[in-house]
Each structure stands twice: as C-alpha cells, then as structure tokens.
Amino acid sequence: DALAIIGPNGSGKTVLFKALIGAIPYEGAIRWAPGTRIGYVPQKLDLERDLPLTAMDVLRAKTDVTGDGGQEIGRVLDLVGLPAALVTQPIGALSGGQFQRLLLAFALLGDPTVLLGDEPTAGVDEPGEETLYAMIRRVQQSTGLTLLLISHELNLVYRYATAVLCLGRRGGSCYGPPIEILTPKRLQEMY
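Conventions we followed
- Residues numbered from 1 in each chain as written.
- Predicted model: local features only at pLDDT ≥ 70, side-chain atom pairs only at ≥ 80, totals over all residues.
- Heavy atoms only, no water.
- Helix = DSSP H or I, 4+ residues; strand = E, 2+ residues; numbered from the N terminus.
- Contact = heavy atoms within 4.5 Å.
- Core = buried A, V, L, I, M, F, W, Y, C linked by side-chain atoms within 4.5 Å.
- Buried < 20%, exposed > 50% of the residue type's maximum accessible area, 1.4 Å probe, protein only.
- Salt bridge = Lys/Arg side-chain N within 4 Å of Asp/Glu carboxyl O.

1. Comments concerning the side chain of T121
Among the secondary structure elements, T121 is positioned in the loop between β3 (114-118) and α5 (126-143). If we skip the residues at most four places from it in the chain, T121 touches Q100, E129, L132 and Y133.

Below, the structure written as structure tokens:
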C-alpha cells in the first residue's frame, strides 16, 4: 500500500515520522511487524552540498552500516534511475532531482520493507515531482515496499496513494481512500 500523510504546516506530519523511526521521544507504543526494515528519505538533509563528497561516498557510508560491502549499490542506482557516471560526481554537482534520487537510493540500501518519505520531492520543480513520484511508484511495485509519504501535492497524492491520513492543525485527523479524504469539504475542515 501507499499511505499519503497530508495536512497544513505545523500539524505534526514530520514529527510523526520522527517518532516512527525512533528519532524523538514519544508517548504510547509503536509496533512494527516482525522483520520490518525501514528506509527513510528526510525532507531535507543537513549536509553541506559543497563538501568534497561524491554520491558514491554517501552510498558506501550506508553500506558500511548495513554490512553488505557495497553489493546493493548497483541495484538501487538502477531502481532510482541514477546513472553510474553521476555517482562519481561531488554531491554539490547534482541537480535537485538527482540529489533526491540519491537520497532515495540511500534509503533503499539495506532492502527496507517500509519506505518513509518526508516530502521526497522537496526542492524539485513541478515536472520533476511527477517524474519522482512515478519512479517511487515503480520502485514500490517492483520491490513490494509499503510506502508512507508526506506530501503537499494533492493531485499526486490522489493519483499514487491507496490511502490518505490527513492531520489537522487543531489536532483532528481523518483517514481513508483518496476519493473520500480529498474532497473540498473535508480539506476545508482539516486545513
């Protein structure tokens, strides 16, 4: 499935993801199915793009953590459509869309079963957003991933999500298929 999380700024979407990955303290319980492996694409990466790091350096750092010795890098580059020639370039030389593909490739290392994307098209122009969402959908279908995506692009949410969770500014929420949640009346209530 693909769950889209929508809502106005300040409604807690990113905080929800940070709690789901254990990056912040929370109350209550979060239970993942046994064997769940999580990949995470942050909204932004606090990394100076002018650091003398190549895209391959970033990917190899992740494989050092996953312990696969770099065997998966070629596979994830193919999945996200990032040419091997680009990964030898400094990260600062990558376009916004290429950098987002790098972050997605990074998240796919370790063979996750669930992929969380916090506005995975942030910093990408409108045609690039459509391309990235289509690519994420292809990756999901080819790998069997469960997707949780935060987005403000309601037309893309309508097209790619199987369910929508809308968090309201005043603490309310609603959940259901896009056709039920993405109505003018419901959106006005939540926003």
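What follows picks up the thread again.
2. Observations regarding the environment of L154
Along the chain, the position of L154 falls in helix α6 (residues 154-160). Those residues within four positions of L154 in sequence are excluded, and the remaining contacts are I6, L182 and L187.

3. Some details on the nonpolar core
One broad trend across soluble globular proteins is that nonpolar side chains are buried collectively. L59, L102 and L104 are the most contacted members of the largest nonpolar core, which has 35 residues in total. Among the elements that line this core, the one with the most residues is helix α4 (residues 96-108), at seven residues. Core analysis: the second largest hydrophobic core is formed by 11 residues, A4, I6, V164 and C166 among them.

4. Considerations on the pattern of salt bridges
Taken as a whole and judged by the stated rule, the model has four salt bridges. Linking D111 and R37 is a salt bridge whose minimum nitrogen-to-oxygen distance equals 3.6 Å. With D111 in the loop between α4 and β3 and R37 in the loop between α1 (13-20) and β2 (38-41), this residue pair connects regions lying 74 residues apart in the sequence. Here E72 ties to R75 by a salt bridge, and the two come within 2.7 Å at their closest N and O atoms.

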